[in-house]
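Fold and contact review
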Amino acid sequence: MTRLKLLIFFIFISACTAGASASEAIYPLVTYKCNPKDDIITLTNSLLDSSEGASYKYSDENGTYSPWDLVEIDRRTEQTLIVRTKKITKKCTLSSGEYTVTIEPQIFSKKLSGACGASISSAFTVTFDGFDIMERTPFEDYCRGNSPIITRVTVFGKTSSVKIKRIPRYKFY
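Keep in mind that what you see is a predicted model, and the values were worked out from it rather than measured.

This next bit is on the state of the cysteines. Applying the stated criterion to the full structure yields two disulfides. Note that C34 is cross-linked by a disulfide to C92, the S-S spacing being 2.0 Å. Because the sign of the S-S torsion sets the handedness, a value of about 75° for the bond joining C34 and C92 places this disulfide among the right-handed ones. Residue C34 is found in strand β1 (residues 27-35), and its partner C92 is found in strand β6 (residues 88-94); the two are separated by 58 residues along the sequence. For C92, a relative accessible area of 1% puts it in the buried group. Counting only the cysteines that take part in disulfides, in the order they occur along the protein chain, gives the pairing 1-2, 3-4.

Spelled out as structure tokens, the structure:
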């Protein structure tokens with residue numbers, strides 16, 4: 001009986017995730033905040049709902065970014081492709097010194113078609129004193145399945161430690 005309940009639960013979650021991805025546009029939002037007063041850097045990964053996302057104004061001044069703004073798309077050929085990427089580099093001075101945070105796109109498929117073609121996420125790197133204290137880490141490892149998704153990254157200036165909050169994919173989408 002328990003296995004049957006688990007099977008039904010996973011089928012339900014898969015159907016919900018697939019339905020949300022296929023029926024509405026998804027607008028990813030990455031935020032970056034340097035807060036020397038509280039001695040922390042915060043990165044967040046979230047989604048805007050479709051009514052807000054279409055008109056949302058991402059801005060470097062507000063520390064809000066879309067991974068779609070970090071790719072160049074070539075629509076001239078039969079297959080629409082991602083042909084170039086760019087990175088955002090931010091510097092923040094905390095009590096222990098200067099940190100560099102790099103935000104870049106996490107591309108699941110360079111072809112913008114197929115199961116993962118319309119999906120994109122972001123990745124981050126945190127560098128302190130010339131060393132990566134957090135190597136390139138994607139907020140999402142896969143475009144499907146139920147792998148955990150990183151929703152928050154906090155860098156603490158006092159200890160130079162990095163804390164990561166993850167949630168199951170079905171709670172994110």
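A contiguous patch of positive charge on the surface is contributed by K33, R152, K163 and K165. Among the structural elements, K33 can be located in strand β1.

Strand order in the open sheet formed by five strands is β3-β1-β2-β10-β11, with antiparallel pairing between adjacent strands. The sheet is open, and its two borders are formed by β3 (64-65) and β11 (161-167), each paired with just one other strand. Here β1 pairs with β3 via two bridges, running antiparallel. Of the residues in β3, the one forming a bridge with T31 is T64.

Take the pairing of strand β9 (residues 131-138) next. Sheet topology note: the strand β8 (residues 120-128)/β9 ladder contains five bridges and is antiparallel. Along β9, the bridge assignment pairs F124 with T137. Connecting the antiparallel pair β8 and β9 is a turn made up of two residues, with D129 showing a positive phi of about 55°.

Pairs can form between side chains of opposite charge once their charged atoms are near each other. Tallying each qualifying case throughout the model produces five salt bridges. For R76, the salt bridge identified is with D74, shortest N-O distance 3.1 Å. Classification of D74 as buried rests on a relative accessible area of 14%. The salt bridge involving R169 is made with E140; its shortest N-O contact spans 2.7 Å. Taken as a pair, R169 in helix α3 (residues 169-172) and E140 in the loop between β9 and β10 (149-156) lie far apart in primary sequence, 29 residues in all. Accessibility assignment for this pair places R169 and E140 in one class, buried.

Of all hydrophobic cores here, the largest spans 20 residues; its most connected members are Y32, I41, L43, I103 and F124. For this core, the elements supplying multiple residues, two or more each, are β1, β2 (40-48), β6, β7 (97-107), β8 and β10. In this view, L43 contacts T31, Y32, V101, I103, F124, F139, T151, R152 and V153; residues no more than four positions away in its chain are not counted.

About the criteria used
- Residues numbered from 1 in each chain as written.
- Predicted model: local features only at pLDDT ≥ 70, side-chain atom pairs only at ≥ 80, totals over all residues.
- Heavy atoms only, no water.
- Disulfide = S-S within 2.5 Å.
- Helix = DSSP H or I, 4+ residues; strand = E, 2+ residues; numbered from the N terminus.
- Buried < 20%, exposed > 50% of the residue type's maximum accessible area, 1.4 Å probe, protein only.
- Patch = residues over 30% accessible without salt bridge, like charges linked within 9 Å, V, L, I, M, F, W, Y side chains within 5 Å.
- Areas by Shrake-Rupley, 256 points an atom, 1.4 Å probe, with all protein chains shown as cover.
- Salt bridge = Lys/Arg side-chain N within 4 Å of Asp/Glu carboxyl O.
- Lys, Arg positive; Asp, Glu negative; His and termini not counted.
- Charge placed at Lys NZ, Arg CZ, Asp CG, Glu CD.
- Pairing = 2+ DSSP bridges.
- Core = buried A, V, L, I, M, F, W, Y, C linked by side-chain atoms within 4.5 Å.
- Contact = heavy atoms within 4.5 Å.

Just distances and angles here, no functional claims.
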